[in-house]
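Here is how the chains run, residue by residue.
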Amino acid sequence: MVCLEPFYDNLYETLMEQLAEDLAIFRVPGDEPGVVGFGEAWLGAVRELPARGGR
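First things first, this report covers the structure right here in the doc. Note that the coordinates shown come from a computational prediction; the quantities given were computed from them, not determined experimentally.

**Description of the overall build of the protein chain**
Then, number 1: Summing up its helical and strand segments, the protein chain has two helices and zero strands in all.
Then, number 2: Relative to its 55 residues, the protein chain shows a buried fraction of 4%.

**Some words on the packing of aromatic side chains**
Then, number 1: Per the counting criterion, the structure on display carries one aromatic pair.
Then, number 2: Aromatic side chains Phe7 and Tyr8 sit 5.1 Å apart centroid to centroid with 70° between the ring planes, which places their arrangement in the edge-to-face category.
Then, number 3: For Tyr8, a relative accessible area of 48% gives the class partly exposed.

**Some thoughts on a negative patch on the surface**
Then, number 1: A surface patch of negative charge is lined by Glu5, Asp9, Glu13, Glu17, Glu21 and Asp22.
Then, number 2: Among the secondary structure elements, Glu13 is positioned in helix α1 (residues 5–21).
Then, number 3: With relative accessibility at 44%, the residue Glu13 sits in the partly exposed group.

**A look at a nonpolar patch on the surface**
Then, number 1: Side chains of Leu4, Phe7, Tyr8, Leu11, Tyr12, Leu15, Met16, Ile25 and Phe26 sit close together on the surface and give an oily, nonpolar patch of about 830 Å² of accessible area.
Then, number 2: Of note, Phe7 is situated in helix α1.

Rules and cut-offs
Residues numbered from 1 in each chain as written. Predicted model: local features only at pLDDT ≥ 70, side-chain atom pairs only at ≥ 80, totals over all residues. Heavy atoms only, no water. Helix = DSSP H or I, 4+ residues; strand = E, 2+ residues; numbered from the N terminus. Buried < 20%, exposed > 50% of the residue type's maximum accessible area, 1.4 Å probe, protein only. Phe/Tyr/Trp six-rings, centres within 6.5 Å; stacked < 30°, edge-to-face > 60°. Patch = residues over 30% accessible without salt bridge, like charges linked within 9 Å, V, L, I, M, F, W, Y side chains within 5 Å. Areas by Shrake-Rupley, 256 points an atom, 1.4 Å probe, with all protein chains shown as cover. Salt bridge = Lys/Arg side-chain N within 4 Å of Asp/Glu carboxyl O. Lys, Arg positive; Asp, Glu negative; His and termini not counted. Charge placed at Lys NZ, Arg CZ, Asp CG, Glu CD.

Right, dumping it as structure tokens:
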């Protein structure tokens, strides 16, 4: 969707500006690992799923 490209470009620029001003802006209070911790937890959960088809 080419018509949405300017919108997403502007959104990305705005989010990057906010992140540059405050690195903790996207952190949830009490969640010290932040996005990296979420990614690691998600990947660990995916790895623990039983393999499908190759039983």
